[in-house]
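Observations on chain architecture
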Amino acid sequence: MPEETRTAPVRPGPAADVRPAGYRAVLAVGEFRAVFAAHALSLLGVVVSEIALTVLVYELTGSPLLSALVFALGFLPYLVGGTLLSGVADRFPARRVLVVCDLLCAGCAALMALPATPVALLLGLRCAIAAVSPVFSGTRMATLGAILGDGDLFVLGRSLLRMVAQSAVLVGFGLGGVLLTLVSPRGALVVTLGTFLASALLLRLGTRRRPARDGAGPLVRYSLAGTRQVLGDRRVRALLLLLWVPPMFVVAPEALAAAYADQIGAGTVWIGLLMCAMPVGTIAGELYAGAALSPGARSRIVLPLAGCGLLPLLVYPFHPDPGWILLALAVAGSAGAYTLGLDRWFVDAVPEELRGRAMTVHTAGLMTIQGVGMALAGAAAEIWAVSTVVGGVGVLGTLCCLLLAAEVRRTAKPAPAGAAGHEVRTEGRDGADHDMTGR
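Residues numbered from 1 in each chain as written. Predicted model: local features only at pLDDT ≥ 70, side-chain atom pairs only at ≥ 80, totals over all residues. Heavy atoms only, no water.

Summing up its helical and strand segments, the chain has 20 helices and zero strands in all. The burial tally for the chain puts 55% of its 439 residues in the buried class. Accessible area of the chain: about 17300 Å², with a carbon and sulfur share of 71%. (Helix = DSSP H or I, 4+ residues; strand = E, 2+ residues; numbered from the N terminus. Buried < 20%, exposed > 50% of the residue type's maximum accessible area, 1.4 Å probe, protein only. Areas by Shrake-Rupley, 256 points an atom, 1.4 Å probe, with all protein chains shown as cover.)

Bringing the packing of helix H11 (residues 234-250) against helix H18 (residues 338-349) into the picture now. At a minimum axis distance of 9 Å, the contact between H11 and H18 shows a crossing angle of 155°. Put simply, H11 runs roughly antiparallel to H18. Viewed along their axes, H11 and H18 form a crossing whose handedness is left-handed. Residues Arg235, Val236, Leu239, Leu240, Leu242, Leu243, Pro246 and Pro247 of H11 pack against Tyr338, Thr339, Leu342, Asp343, Trp345, Phe346 and Ala349 of H18. Per-class residue counts for the contact of H11 with H18 are 12 nonpolar, one polar and two charged. (Axes fitted to C-alpha atoms, helices over the stretch in contact; angles between N-to-C directions. Parallel < 35°, antiparallel > 145°, perpendicular 65-115°, else oblique. Left-handed = near helix turned anticlockwise from the far one by under 90°. Contact = heavy atoms within 4.5 Å. Nonpolar A, V, L, I, M, F, W, Y, C, P; charged D, E, K, R; others polar.)

What follows concerns the nonpolar core. Ranked by internal contacts, the top residues of the largest apolar core, which has 107 residues, are Phe32, Leu242, Leu274, Leu313, Leu329, Leu342 and Phe346. Here the element with the most residues in this core is helix H7 (residues 119-148); it accounts for 13 residues. Filtering out sequence-adjacent residues up to four positions away, leucine 329 remains in contact with Pro253, Leu274, Ala277, Met278, Leu313 and Tyr316. (Core = buried A, V, L, I, M, F, W, Y, C linked by side-chain atoms within 4.5 Å.)

This brings us to empty space enclosed by the protein. Empty space left among the atoms is revealed by rolling a probe the size of a water molecule over them. By volume, the second largest cavity is sized at about 50 Å³. Every residue along the wall of the second largest cavity is listed here: Val46, Ser49, Leu53, Met112, Arg126, Ile129 and Phe196. When residues of the lining of the second largest cavity are traced back to their parent elements, those giving at least two are helix H2 (30-61) and H7. It is H2 that contributes the most residues to the lining of the second largest cavity, three residues altogether. Taken together, the residues that form the lining of the second largest cavity break down as five nonpolar, one polar and one charged. (1 Å grid on protein atoms, 1.4 Å probe; cavity = no way out; pocket = protein on both sides within 12 Å on 5 of 7 lines; lining within 4 Å. Points joined across faces, edges and corners; volume = space filled by probe spheres on them.)

As a further point, take the packing of H11 against helix H19 (residues 355-381). Put simply, H11 and H19 touch, their axes get as near as 8 Å, and they point 25° apart. Here H11 is positioned roughly parallel relative to H19, judged by the angle of their axes. For the crossing formed where H11 meets H19, the hand is right-handed. Between H11 and H19, the contacting residues are Leu240, Leu243, Trp244, Pro247 and Met248 on the first element and Val361, His362, Gly365, Leu366, Ile369, Gln370 and Gly373 on the second.

We now examine the confidence of the model for the chain. In the predicted model, the chain carries a mean pLDDT of 80, and the fraction of residues at 70 or more is 83%. Taken as a whole, residues 417-437 scores under 50 in pLDDT and shows 89 contacts with residues more than four places along the chain or in a different chain. (pLDDT = per-residue confidence, 0-100.)

Take the packing of aromatic side chains next. One pass over the full model with this rule turns up two aromatic pairs. When the centroid spacing of 6.0 Å and the interplanar angle of 40° are considered together, the rings of phenylalanine 32 and phenylalanine 36 count as tilted. Residue phenylalanine 32 and its partner phenylalanine 36 are located together in helix H2, separated by four residues, close to a single helical turn. Looking at phenylalanine 32, the relative accessible area reads 0%, which means it is buried. (Phe/Tyr/Trp six-rings, centres within 6.5 Å; stacked < 30°, edge-to-face > 60°.)

And the structure:
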């Protein structure tokens, strides 16, 4: 496709605050449909590969520790890839970056599927996929601004991709379990290879070639300079922390689902229900906010939902019936709708030439901090009862989120005089990835 000329982003007018664009308008954009389909395919591939690789490593070693490392290694390289390689997202044309990332992941999956691949190399390849993932995700997020503009369509597009991520976790684990009854773990990895190749093909044929944003000098220095710029801006830093910190706390109930089911004497079915309740709530919350609320309304709910979204976890220490726990988790998940408005604030606060690196840093930080949250929750549960830990997470998390919400409010700039339909103040700003799979 011909190279697209960069144009100024189109911002919504006052009418955008009255009537939301709706998800149908986003899916009407042909390029976004290609990105959406590629995202769904690669996510399913990642989830299936995690299950298959966990089973394969356990079969080869008999070690629970090594099989658990498969999931841990999905988080650890994010920080490295997201900081040292973030410059790739701005330095090279976005379509080329996305396709090459998919092909690299496909190559790793192909090597994993080979019968002669030893365990050490399997784990190393898992690290490689995880290191590439923040570059892929950050580039894709930055590209959405070029495809959908910086207004309401961008917000809804990001929301759809997050919902795909939540759905992929729910569907992928079930699909992976069924798949492993039909084929060997290495056979399941061949399926992952196919999903990465299909994703690369969709992105190559379904999206336009766009020029690189910026970039000069050594890649690592350029990436680190971008990270310093992102974290050095008080407004951007506050928005990033509000995107990162609530997920760090909200993963605790999911990480401790099996331990909590054991504490209350529930069966294995309840483990699955406890792990599914929050993603279901997240999808429901985003669907409602994206389809029923105007951009201005989504902007107004950001700080209340971000500040109070963890309060439902306070029911845990009272030992209610499991049904009430499921409801509390679903409500806590639905509070994730705050990210729709926050996404818009974030993209408005980041300069265009820094956007790819900023999005990559955002993705890397989100995945890393969720891994930290899981580890800390598990460590706390070694000392205290799970119900006490989750209740404590609700209290501590709410305190941290309220402080961050206050910081976001303080850093909001006043609306310029005469600006219609595009306020910058937090309360009424117009139009203002929990992505556990990392894609």
